Amino acid sequence: MPELQRLRAGHAPAVLAFELANRAYFAASISDRGDEFYHRFTEQHNAMLAEQEAGTGAFYVLVAEDGSVLGRFNLYRLQDRTAELGYRVAERVAGRGVATAAVRELCQLAAQHGLRTLKAATSHDNVASQRVLAKAGFRPAGPADPADIGGKQGTWYQRELAAGLRPPGPSER
């Protein structure tokens, strides 16, 4: 059974393998990250860990029983009890409910981070992502700026969560 795990330093090799193995698949529906992403992967991975430690991001990987990464599920721009959700799953598990299950689980984890609202943007062309968001309880919330989704037209989706499980910190009051 795949397990959603908080991103750690030790995940780096499996995350890079996931990104490389699925690069063409991802580029078909979202903008390609470009060669620079892969050349500077270790630096970027470490920056995400630092952001997570600072409390401005929460990053998760969906790990298969064999240790390979099946997906990435990120909460970023955490502020005012709101965060943006971004995710991607491996081509080999796409269409099997894996993304929907992981997004639902992440919504539960988000409440533990003190979040009350999650937002996600997807292009009009990315019907699979629209379905995942709808099944996970997100509702359309307005047009997305093409700059937010790789230059494509799209929509922001939003989901209200149960009240956060911890009191708001100083920057959240």
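Remember, predicted model here, so these are calculated numbers, not experimental data.

Asker: Help me understand the overall build of the protein chain in this model?
Answerer: Per the secondary structure count, the protein chain includes six helices and seven strands. When the elements of the protein chain are put in sequence order from the N terminus, they spell out β-α-α-α-α-β-β-β-α-β-α-β-β. Relative to a compact globule of 173 residues, whose C-alpha radius of gyration would be 16 Å, the protein chain shows 16 Å and is just as compact. Based on the C-alpha atoms only, the size of the protein chain along its principal axes is roughly 40 × 35 × 30 Å. With 173 residues in all, the protein chain has 45% of them scored as buried. A sequence separation of at least 24 residues applies to 61% of the contacts in the protein chain between residues at least 6 apart. Of the roughly 9200 Å² of accessible surface on the protein chain, 51% is carried by carbon and sulfur atoms. Charged side chains of the protein chain number 21 positive and 19 negative; the gap between the two group centres comes to 6 Å.

Asker: Mind showing me how you'd approach the confidence of the model for the protein chain here?
Answerer: Any segment with low pLDDT has predicted coordinates that should not be analysed in fine detail. Model confidence for the protein chain is summarised by a mean pLDDT of 90, while 94% of its residues fall at 70 or above. In the model, residues 164-173 has pLDDT below 50 throughout and makes 18 contacts with residues more than four positions away in sequence or in other chains.

Asker: Sorry if this is basic, but what is going on with the nonpolar core here?
Answerer: Most often, soluble globular proteins keep nonpolar side chains buried together rather than apart. In this structure, Phe73, Leu75, Leu85, Val103, Leu118 and Phe138 are the most contacted members of the largest nonpolar core, which totals 46 residues. Here the element with the most residues in this core is helix α5 (residues 98-112); it accounts for eight residues. Each residue touching leucine 75, except ones within four places of it in the same chain, is listed here: Gly57, Ala58, Phe59, Ala83, Glu84, Leu85, Leu106, Ala110, His113, Leu115 and Leu118.

Asker: Is there a simple way to explain the pairing of strand β2 (residues 57-63) in this structure?
Answerer: Each regular strand displays side chains that alternate between the two surfaces of the sheet. Of all seven residues in β2, seven are buried, a share of seventy percent or more. Residues Gly57, Phe59, Val61 and Val63 point to one face of β2 and Ala58, Tyr60 and Leu62 to the other, with burial holding for every one of them. Judged from the four bridges that link them, strand β1 (residues 3-6) and β2 form a sheet pairing that is antiparallel. The partner of glutamine 5 across the bridge, within β2, is valine 61. Sheet analysis places β2 next to strand β3 (residues 69-79), joined by seven bridges and oriented antiparallel.

Asker: Where do I start with unusual backbone geometry in this structure?
Answerer: Glycine aside, negative phi is the norm for most residues, and most peptide bonds take the trans geometry. The backbone of aspartate 80 shows a phi angle near 50°, a positive value even though the residue is not glycine. Here aspartate 80 lies in the loop between β3 and β4 (82-89). Phi angles above zero are rare outside glycine, and arginine 81 is one such case at about 65°. Checked against the element boundaries, arginine 81 lands in the loop between β3 and β4. The class for arginine 81 is buried, based on a relative accessible area of 9%.

Asker: When you look at helix α6 (residues 127-135) in this model, what are you seeing that I'm missing?
Answerer: The periodicity of an α-helix, 3.6 residues per turn, causes residues three or four places apart in sequence to face the same way. All of the buried residues in α6 are Ser129, Val132 and Leu133. All buried residues of α6 fall inside an arc of 95° around its axis, so they share one side. Buried residues in α6 make contact with β4, α5, β5 (117-123) and β7 (154-160). Looking at the residues trailing α6, positive phi occurs at glycine 137, about 90°.

Asker: Help me understand the environment of glutamine 44 in this model?
Answerer: Tracing the sequence through the fold places glutamine 44 in helix α4 (residues 41-54). Among the residues examined, glutamine 44 registers a relative accessible area of 26% and is labelled partly exposed.

Asker: Just to check I follow, could you spell out the environment of glycine 86 for this structure?
Answerer: Examined against the element boundaries, glycine 86 turns out to sit in strand β4. By relative accessible area, which is 18% here, glycine 86 ends up buried. Taking the C-alpha atoms as reference points, glycine 86 and arginine 72, 14 residues apart in sequence, are found 8.0 Å from one another. Look past the residues within four positions of glycine 86 in its chain and what remains in contact with it is Arg72, Phe73, Asn74 and Tyr76.

Thresholds applied
- Residues numbered from 1 in each chain as written.
- Predicted model: local features only at pLDDT ≥ 70, side-chain atom pairs only at ≥ 80, totals over all residues.
- Heavy atoms only, no water.
- Helix = DSSP H or I, 4+ residues; strand = E, 2+ residues; numbered from the N terminus.
- Rg over C-alpha atoms; globule rule 2.2 N^0.38 Å.
- Buried < 20%, exposed > 50% of the residue type's maximum accessible area, 1.4 Å probe, protein only.
- Contact = heavy atoms within 4.5 Å.
- Areas by Shrake-Rupley, 256 points an atom, 1.4 Å probe, with all protein chains shown as cover.
- Lys, Arg positive; Asp, Glu negative; His and termini not counted.
- Charge placed at Lys NZ, Arg CZ, Asp CG, Glu CD.
- pLDDT = per-residue confidence, 0-100.
- Core = buried A, V, L, I, M, F, W, Y, C linked by side-chain atoms within 4.5 Å.
- Pairing = 2+ DSSP bridges.
- Arc of directions from axis to C-beta.

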